[in-house]
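# Notes for the structure review
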Amino acid sequence: MKISIIGIGSVGSAVATAVANTGLAHEIVLFDRNGVRARAAAEDLGHAAAFSYDIKITAVNTYRAIRGSEIVIIAAGANQKPGQTRTDLLHANADVISDIVPRVMANVDSKNVKLVIVTNPLDVMVMLAQKISKLPPARVIGTGTMLDSARLRTILSRQLSVSTQSINAYVLGEHGDSSMIVWSSACVGGIDLNSFCRQTKISLPQTTRNTIEHRVQNAAYEIIRGRGATWDGIAAAVADLLRCIINDERRILTVSTVAGSGASALAMSLPRIVGRGGVITTLMPRMTSTESAALRRSGKIIRKNYDSLK
Ligand code: NAD
């Protein structure tokens, strides 16, 4: 499968490495408005590929070269600087998405292509990309809170001394400061979280849950403070999403896609079944009234930011 990546900065190059390591692509095309950067990344990745899979990795300076791509990943645009929120990137990155998406669409098969959006603020960029591309919402997929959910499972895994693989707990809503954790439907090995804590004699009081929520929401800020940007986590999330799509795995991932239309259109993360055609089904977990209110509030923030672009 041919996969193109637009934007070869910290995230785009880590995504290229992670995608190459899935072994699912026979060709990866890299495009960046900074051609020198893209060419250097292609060179480096090509050398790395000699140790794993036979993949053709090329840097290109024209969108014509992405023709034949089944999946196009957009990771271009400004990233957060220390202290900046994702929403601070709104206007600059809306311009980036508005520049890239028409060029992509002019060169791909609109009946088949899937756009994977990584650029922040993620949910608004998904809405914009879907509107510009006119693709069915199921095929414009933002990584959403896949990363936030992974961060939650990692923290819980340490707290509960159990593998992340056995934890079913989701962060939903905005990939941003208003994201929320659905504690009431969190499970460990099919056992609800409260019951798991009782049986294992582990205490997880509300104060600890609040701290965990704070750590999940602030994980990116902490990483950016320490290493200037985040790239490994998101690269792994994109590779996981691609595996799910390409292999038609139909796993449940908390990705962001547009639901509704016109003034009620909204992209945010919910648990969704993902397969070869993109998003197949959207699910709604059981929630307390407080959790439902937090999710609604998060949706309103995304919509307000989207409306502020007009
Ligand atoms: P970066 O500055 O390292 O790289 C951005 C790249 O985009 C640069 O190489 C730049 O030349 C390129 N670019 C900018 N405008 C372009 C255009 N119009 N056409 C082609 N290329 C263009 O930034 P980064 O750290 O790689 O972050 C990229 C984006 O990913 C940011 O918006 C960041 O916030 C986001 N991000 C998202 C997640 C997530 O979970 N969704 C996680 C981390 C980062």
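Quick note: structure is the one above.
Computed from a predicted structure; not experimentally measured.

### What to know about the site of the ligand
With respect to spatial proximity, 27 residues lie near the ligand, and among them Val11, Asp32, Ala78, Asn79 and Asp99 are the closest. Within the backbone of Arg33, a nitrogen or oxygen atom sits 3.3 Å from a nitrogen atom of the ligand. In this structure, Arg37 approaches the ligand through a side-chain N or O atom, which is 2.9 Å from an oxygen atom. Protein chains bury 91% of the 870 Å² of accessible surface belonging to the ligand in isolation. Put simply, the parts of the chain that give the shell around the ligand at least two residues each are α1 (10-22) and α3 (90-105). Residue composition of the shell around the ligand, grouped by class: 12 nonpolar, 11 polar and 4 charged.

### Some details on the environment of Ile181
Within the secondary structure, Ile181 is located in strand β9 (residues 180-181). Spatially, the C-alpha atoms of Ile181 and Asn112 are 34 Å apart, while their sequence positions differ by 69 residues.

### Examining unusual backbone geometry
Residues Asn120 and Pro121 are joined by a peptide bond in cis, for which omega reads -5 degrees. Locating Pro121 in the fold gives a position in the loop between β5 (114-117) and α4 (122-133). One non-glycine residue, Lys134, lies in the positive phi region at around 60 degrees. The residue Lys134 is located in the loop between α4 and β6 (140-142) in this model.

### Section: helix α6 (residues 193-200)
Along α6, the residues that are buried comprise Leu193, Ser195, Phe196 and Cys197. For α6, the secondary structure elements touched by its buried residues are α5 (146-160), β10 (187-188), β11 (191-192) and α7 (206-227). Of the residues that open α6, the one with a side-chain oxygen 3.2 Å from the backbone nitrogen of Asn194 is Asp192.

### Quick word on the pattern of salt bridges
Considering all chains together, one arrives at 10 salt bridges under this definition. Residues Lys56 and Glu27 are paired through a salt bridge, measuring 3.7 Å at the closest nitrogen-oxygen approach. Pair noted here: Lys56 is in strand β3 (residues 56-60) and Glu27 is in strand β2 (residues 27-31), with a separation of 29 residues, a long-range link. By relative accessible area, Glu27 is classed as buried at 12%. Here Glu249 makes a salt bridge to Arg251, at a shortest N to O gap of 2.7 Å. Since its relative accessible area comes to 30%, Glu249 is described here as partly exposed. For Arg251, a relative accessible area of 29% corresponds to the partly exposed category.

Parameters and conventions
Residues numbered from 1 in each chain as written. Predicted model: local features only at pLDDT ≥ 70, side-chain atom pairs only at ≥ 80, totals over all residues. Heavy atoms only, no water. Near = heavy atom within 4 Å. Polar contact = N/O pair within 3.5 Å; in protein donor to acceptor, adjacent residues only side chain to side chain. Areas by Shrake-Rupley, 256 points an atom, 1.4 Å probe, with all protein chains shown as cover. Helix = DSSP H or I, 4+ residues; strand = E, 2+ residues; numbered from the N terminus. Nonpolar A, V, L, I, M, F, W, Y, C, P; charged D, E, K, R; others polar. Buried < 20%, exposed > 50% of the residue type's maximum accessible area, 1.4 Å probe, protein only. Contact = heavy atoms within 4.5 Å. Salt bridge = Lys/Arg side-chain N within 4 Å of Asp/Glu carboxyl O.

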